[in-house]
Amino acid sequence: MTKKRFYILLAALLIVTNVITFVLANAVSVVLPNGKVIVSREEYRLIKEYNKLFDVEKILKNRYVDKVDFSALLEGAIKGMANSLEDPYTVYMNKKEFSEFMTQTTGTYGGIGIVVAVDKDDHIVVVSPIKNTPGEKAGIKSGDIIIEVNNKKVSGKNLDEAIALMRGPEGTKVTLTIMREGKTFTKTITREIIKLETVYDEMLPNKIGYIKITMFDQNTAKDFKAALDRLKSQGMRGLILDLRDNPGGLLEETIDISNLILPKGVVVTTKGRVDSKEYYSKGPGLGLPLAVLVNKGSASASEILAGAIKDRKVGVLVGTTTFGKGLVQTIVDFGDGTGLKYTIARYYTPNGTNIQGKGIEPNYVVELPENYTLQDTPDLKADIQLIKAFEIVKSKIK
């Protein structure tokens, strides 16, 4: 599209979309190739600013020392617009990046199996390793700070690039430089196909059910319902829900699960500059004693569920303070293989608390010994957080 055609189409579009609110007193005229067009002053300012973008493109295309790829310039301009917000969760993704990102919610991808986020100091911090993945087997822990991937320095400013570097074909290797408690070390890890099985259930003694959710992907609510039904059919009298090292995931799945646990009422409120929304559980609720296990690896969607359970007094939280990610992202698929992920709102628990950067304090604070590693299956002999939750639920069974 030529610059002249762009001007004509832009001006026409702006006039049509603003015709109802147009105020002649605040208008200016712009001379375009096909004649004079009247636009608002704000629209005129936008045209001038976009003119600068075209000028830069023209200069680089015609005079830069090397031949310039226009598509690379355009992608850089769009990425720069998103990056200028200095929000690590807002990013424009090209076809390769968008494809890799979308695999996170569909259940299978090549990588090392860790979930990361950005802390207040702009570090890339491990929220949790995923069970039975190369990351967990290599000893990656919640709270580890990743400072390099394959000798390339990374930070919260290039979070999605760092994630892309960690992913790759099965059998290939990736080297991470990690900082833990002030000490720096490297780990070389062989990538595998990461298959996410997000729900595990088991019946504990005294007919106390146990369900662990490792993250919220597009199958989690369905699998959770199946697990809950299975335990109920075995005569479950109380439930322990394990959200430790759960980095979050899809909000919709979280709400679907809340429908099975919470009585009718507010689960979470999202508040953005444009849209605000309240999400409700439909009820009737679990109707059984409930304890929820949380730790610093519990983030985002898992904090929404844990926060609702605590605020609504449906159950108690046991463990340590959660991660503290109180932001909501949404995805725009442009239909050409590219996409935009951006922060659309902050979320608030039913009591009106935004936990961004603070996390949720459990009702019962129980620290695990430093040398204890969480097991894949419930450990009622050494997992003191689980033991505490078990005792609480057991004491409430009638």
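Since the structure is predicted, the reported quantities are computational estimates derived from the model, not experimental observations.

Please give an account of the overall build of the protein that cites residues and values.
For the protein, the helix and strand inventory stands at 10 helices and 21 strands. For the protein, the proportion of its 398 residues judged to be buried stands at 46%. Long-range contacts, defined here as pairs at least 24 residues apart, represent 63% of the contacts in the protein between residues at least 6 apart. When the accessible surface of the protein is totalled, it reaches about 21,100 Å², and 53% of it is carbon and sulfur.

Let's hear about a nonpolar patch on the surface: which residues, and what values?
On the surface, Leu46, Tyr50, Leu53 and Met81 cluster together to form a nonpolar patch covering roughly 370 Å² of accessible area. Note on placement: Met81 falls in helix 3 (residues 70-83).

Just give me the short version of the environment of Ile211, but keep the residues and values in it.
By secondary structure assignment, the location of Ile211 is in strand 13 (residues 208-213). Residue Ile211 is classed as buried on the basis of its relative accessible area, which comes to 0%. Between the alpha carbons of Ile211 and Leu231 there is a distance of 9.2 Å; along the sequence they are 20 residues apart. In contact with Ile211, not counting residues within four places along its chain, are Val199, Tyr200, Asp201, Phe224, Ala227, Leu228, Leu231, Leu239, Ile240, Leu241 and Asp242.

So what about the packing of aromatic side chains? Which residues, and what values?
Applying the stated criterion to the full structure yields 2 aromatic pairs. Judged by centre distance (6.4 Å) and plane angle (45 degrees), the ring pair of Tyr92 and Phe334 falls under tilted. On the criterion of sequence distance, the pair formed by Tyr92 in strand 3 (residues 91-93) and Phe334 in the loop between strand 19 (327-333) and strand 20 (339-348) is long-range, its members being 242 residues apart. Look at Phe334 and you get partly exposed, because its relative accessible area is 46%. Judged by centre distance (6.4 Å) and plane angle (70 degrees), the ring pair of Tyr200 and Tyr210 falls under edge-to-face. With Tyr200 in strand 12 (residues 199-204) and Tyr210 in strand 13, the pair connects residues that are 10 residues apart, well separated along the chain. When its relative accessible area of 1% is taken as the criterion, Tyr210 is described as buried. Between the NZ or CZ atom of Lys271 and the centre of the ring of Tyr348, over which it lies, the distance is 4.9 Å.

Help me get a handle on unusual backbone geometry, residues and values and all.
Of note, the bond from Gly283 into Pro284 is cis; its omega dihedral lies within 30 degrees of zero at 10 degrees. Topologically, Pro284 is positioned in the loop between strand 16 (276-281) and strand 17 (290-294). A positive phi angle is found at Asn150, which is not glycine, with a value near 55 degrees. Mapped onto the secondary structure, Asn150 falls in the loop between strand 7 (145-149) and strand 8 (152-153). With a phi close to 55 degrees, Ser300 is a non-glycine residue in the positive phi region. With respect to the helices and strands, Ser300 occurs in the loop between strand 17 and helix 9 (301-311).

Outline the nonpolar core, supporting the account with residue identities and numerical values.
Among the nonpolar cores identified, the biggest contains 35 residues, and Ile211, Leu241 and Ile309 are the most heavily contacted of them. Mapped onto this core, the elements with two or more residues apiece are strand 13, helix 7 (220-233), strand 14 (238-242), helix 8 (251-261), strand 15 (265-271), strand 17, helix 9 and strand 20. The leading source of residues in this core is helix 9, at 6 residues. Residues contacting Ile309, with those up to four places away along its chain left out, are Leu241, Ile261, Leu262, Leu290, Val292, Val314, Gly315 and Leu317. Tyr89, Ile112, Ile130 and Leu159 belong to the second-largest nonpolar core, a separate cluster that totals 28 residues.

Can you tell me about the pattern of salt bridges, naming the residues and giving the values?
Going through the model one piece at a time under the given rule, you end up with 12 salt bridges. Taking the shortest distance from any N to any O, the salt bridge between Arg180 and Asp144 comes out at 2.7 Å. You can see Arg180 sitting in strand 9 (residues 173-180) and its partner Asp144 sitting in the loop between helix 5 (134-137) and strand 7, a full 36 residues away along the chain. By relative accessible area, which is 22% here, Arg180 ends up partly exposed. Here Asp383 and Arg244 are joined by a salt bridge, their closest N and O atoms 2.8 Å apart. With a gap of 139 residues between them, Asp383 in the loop between strand 21 (364-365) and helix 10 (384-396) and Arg244 in the loop between strand 14 and helix 8 connect regions that are remote in the sequence. The pair formed by Asp383 and Arg244 is uniform in burial state, with each residue classed as buried. If you follow the salt bridges from partner to partner, you end up with Lys212, Asp242, Arg244 and Asp383 in one network.

Explain the pairing of strand 20 to me, using residue names and the numbers behind them.
With 3 bridges joining them, strand 3 and strand 20 adopt antiparallel strand pairing. Residue pairing in the sheet places Val91 in a bridge with Lys341 of strand 20. One ladder, built from 3 bridges, connects strand 15 with strand 20; its direction is antiparallel. The partner of Lys271 across the bridge, within strand 20, is Arg346. With 7 bridges joining them, strand 19 and strand 20 adopt antiparallel strand pairing. When the sheet's bridge partners are listed, Leu327 is paired in strand 20 with Arg346.

Tell me about the sheet that holds strand 13, and name the residues and values.
Here we have 6 strands laid out as an open sheet, ordered 12-13-14-17-18-21, and mixed in their pairing. Two strands close off the open sheet at either side, each with one partner strand: strand 12 and strand 21. The pairing of strand 17 with strand 18 (residues 316-319) spans 4 bridges and is parallel. Bridged to Val292 within strand 18 is Leu317. On top of the sheet, helix 7 reaches strand 12, strand 13 and strand 14; it is set at about 10 degrees to strand 12, its chief contact.

Cut-offs and rules
- Going along each chain's sequence as written, the residues are numbered from 1 onward.
- Reporting of local features is limited, given that this is a predicted model, to residues whose pLDDT is at least 70; pairs of side-chain atoms are given and counted only at 80 or more, and all residues count toward the totals for whole chains, interfaces and linings.
- Water and hydrogen atoms play no part in the side-chain values, which are based on all heavy atoms of the structure.
- In DSSP terms, a helix is any run of H or I states spanning at least four residues, a strand is any run of E spanning at least two, and both are numbered starting from the N terminus.
- The rule is simple: take the accessible area with a 1.4 Å probe, protein chains only, and divide by the maximum for that residue type; under 20% is buried, over 50% is exposed, in between is partly exposed.
- For this analysis, residues touch if any pair of their heavy atoms sits within 4.5 Å.
- Computed by Shrake-Rupley with a 1.4 Å probe, the accessible areas treat only the displayed protein chains as cover when residues are assessed.
- Excluding any residue in a salt bridge, patches collect residues exceeding 30% relative accessible area, merging like charges within 9 Å and nonpolar Val, Leu, Ile, Met, Phe, Trp and Tyr side chains within 5 Å.
- By salt bridge we mean one thing: a side-chain nitrogen of Lys or Arg within 4 Å of a carboxyl oxygen of Asp or Glu.
- Within 6.5 Å between ring centres, the rings of Phe, Tyr and Trp (the latter by its six-membered ring) count as paired, and their orientation is classed by plane angle as stacked under 30 degrees, edge-to-face over 60, tilted in between.
- We call a charge positioned over a ring when the NZ of a Lys or the CZ of an Arg lies within 6 Å of the ring centre and within 35 degrees of the ring normal.
- Side-chain atoms within 4.5 Å are what join buried Ala, Val, Leu, Ile, Met, Phe, Trp, Tyr and Cys residues into a set we call a nonpolar core.
- A pair of strands counts as paired when DSSP detects no fewer than two bridges linking them.
- For helices, the fitted line uses only the C-alpha atoms of the stretch in contact; every axis is such a line through C-alpha atoms, and the angle between N-to-C directions lies from 0 to 180 degrees.

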